[in-house]
Amino acid sequence: MPLSKQLFSLLLFCLLLGCASSPLNRRQVMIFSDADMAQRGQQQYEQMRQEVPLSTDSRDIDYVRCVANYVINALDANQRGSYLWEVTVFDNEQANAFALPGGKIGVYNGLLGVAVNQHQLAAVIAHEVGHVLANHSNERASQSTLRNIGVRVAQIAGVDDSTLEVIDYGTQLGLFLPFNRIQETEADSIGVVLMANAGFDPDQTIYLWENMRDSAGPRPPEIISTHPSPDSRIRELRELMTAANALQEAANRRGINPDCQP
Ligand SMILES: [Zn+2]
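Let me sum up the structure you'll find in this document.

What counts, and where the lines are drawn
Residues numbered from 1 in each chain as written. Predicted model: local features only at pLDDT ≥ 70, side-chain atom pairs only at ≥ 80, totals over all residues. Helix = DSSP H or I, 4+ residues; strand = E, 2+ residues; numbered from the N terminus. Contact = placed C-beta atoms within 7 Å. Core = buried A, V, L, I, M, F, W, Y, C linked by C-beta atoms within 7 Å. Buried ≥ 20, exposed ≤ 12 C-beta atoms within 10 Å, placed from the backbone. Pairing = 2+ DSSP bridges. Expected span 1.5 Å × (residues − 1). Axes fitted to C-alpha atoms, helices over the stretch in contact; angles between N-to-C directions.

**Quick notes on the overall build of the protein**
And step 1. For the protein, the count of helices and strands is eleven helices and five strands.
And step 2. Pairs at least 24 apart in sequence give 72% of the contacts found in the protein among residues at least 6 apart.

Following this line, the structure appears as structure tokens:
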């Protein structure tokens, strides 16, 4: 049957080409090329720049750029790739930020009320860049594509709809939720190292997540609803601090002393 042959080839292709490792040596299945992902990132960034109002506050813009540039400059040549890294400040009350494949960073000015100094802002930006360095978007897009192929194969094999629903729901809970937590922990670890190499104070990451937790009133900051609970994250971050503090001291000794004024 031509269709199942096609699917089989695609699955084989995924298995052969999709094996990669994250910066922390976790096996990852990725079926899209870096260039594909960078192009998607670029498109999404342009779309956001058209749809979400941009900040016109030059102080905010200069401040966010100053912090982001330190973080970007701390990337090695391999991490930076051939991409044009850039940052946009959006005029939006949400405490949120993102980084897209291809080096496109966005910061909502609502974040500046929660990340209250340059170190805390650097912590958020470095965390988001950590997702990019670990190819998390590629991994998620690949998983959802493979899941759709799996469901299609099951349909062709004649599996009935109610069983399919159970399989699909189970895959989401079993695969996607813990997977999200794995990615978050990974981005935290990469982010703390990156911000420390950029000369920022990693201890401020702890205060940042405490601020996030304490500002979570009736409407928790957006970043919390898509991220694990601040308490479990703070516990994990504390374990990274000794090593991170040493990296910051080394960066400061090399003359990297960020002084970005809000
Ligand atoms: Zn994250």
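**A short note on the nonpolar core**
And step 1. Core analysis: the largest hydrophobic core is formed by 48 residues, its most contacted members being Val 71, Leu 111, Ala 122, Ile 125, Leu 194, Met 195 and Ala 198.
And step 2. Contributing elements (two or more residues each) for this core: α3 (58-73), β3 (86-90), β4 (97-100), β5 (104-108), α5 (118-133), α7 (161-197), α8 (204-214) and α11 (241-253).
And step 3. Ranked by residues supplied to this core, first place goes to α5 with nine residues.

**Regarding the pairing of β5**
And step 1. Counting buried positions along β5 gives five out of five residues, so the element sits mostly inside the fold.
And step 2. Neither face of β5 is open: one carries Lys 104, Gly 106 and Tyr 108, the other Ile 105 and Val 107, and all of them are buried.
And step 3. Here β4 pairs with β5 via four bridges, running antiparallel. Bridge pairing links Ala 99 to Ile 105 in β5.
And step 4. Hairpin connection, β4 to β5: the antiparallel pair is bridged by three residues, and Gly 102 has positive phi, about 95 degrees.

**Overview of helix α6 (residues 136-156)**
And step 1. Spanning 21 residues, α6 covers 30 Å between terminal C-alpha atoms, matching the ideal 30 Å at 1.5 Å per step.
And step 2. Looking at α6, one finds that the buried residues are His 136, Ser 137, Asn 138, Glu 139 and Ser 142.
And step 3. Of the residues trailing α6, Gly 158 is marked for its positive phi of about 90 degrees.

**Focus on the sheet that holds β3**
And step 1. Spatially, the three strands line up as an open sheet ordered β3-β5-β4, and their pairing is mixed. Edge positions in the sheet fall to β3 and β4, since each of these pairs with one other strand and no more. The sheet shows a mean angle of 15 degrees between the axes of neighbouring strands, taken without regard to direction.
And step 2. The pairing of β3 with β5 spans five bridges and is classified as parallel. Bridging across to β5, Val 89 finds its partner in Val 107.
And step 3. Contacts from α3 reach β3 and β5 within the one sheet, and its direction differs from that of β3 by about 145 degrees.
And step 4. Against the sheet, α5 contacts β4 and β5, and its axis sits at roughly 30 degrees relative to β4.

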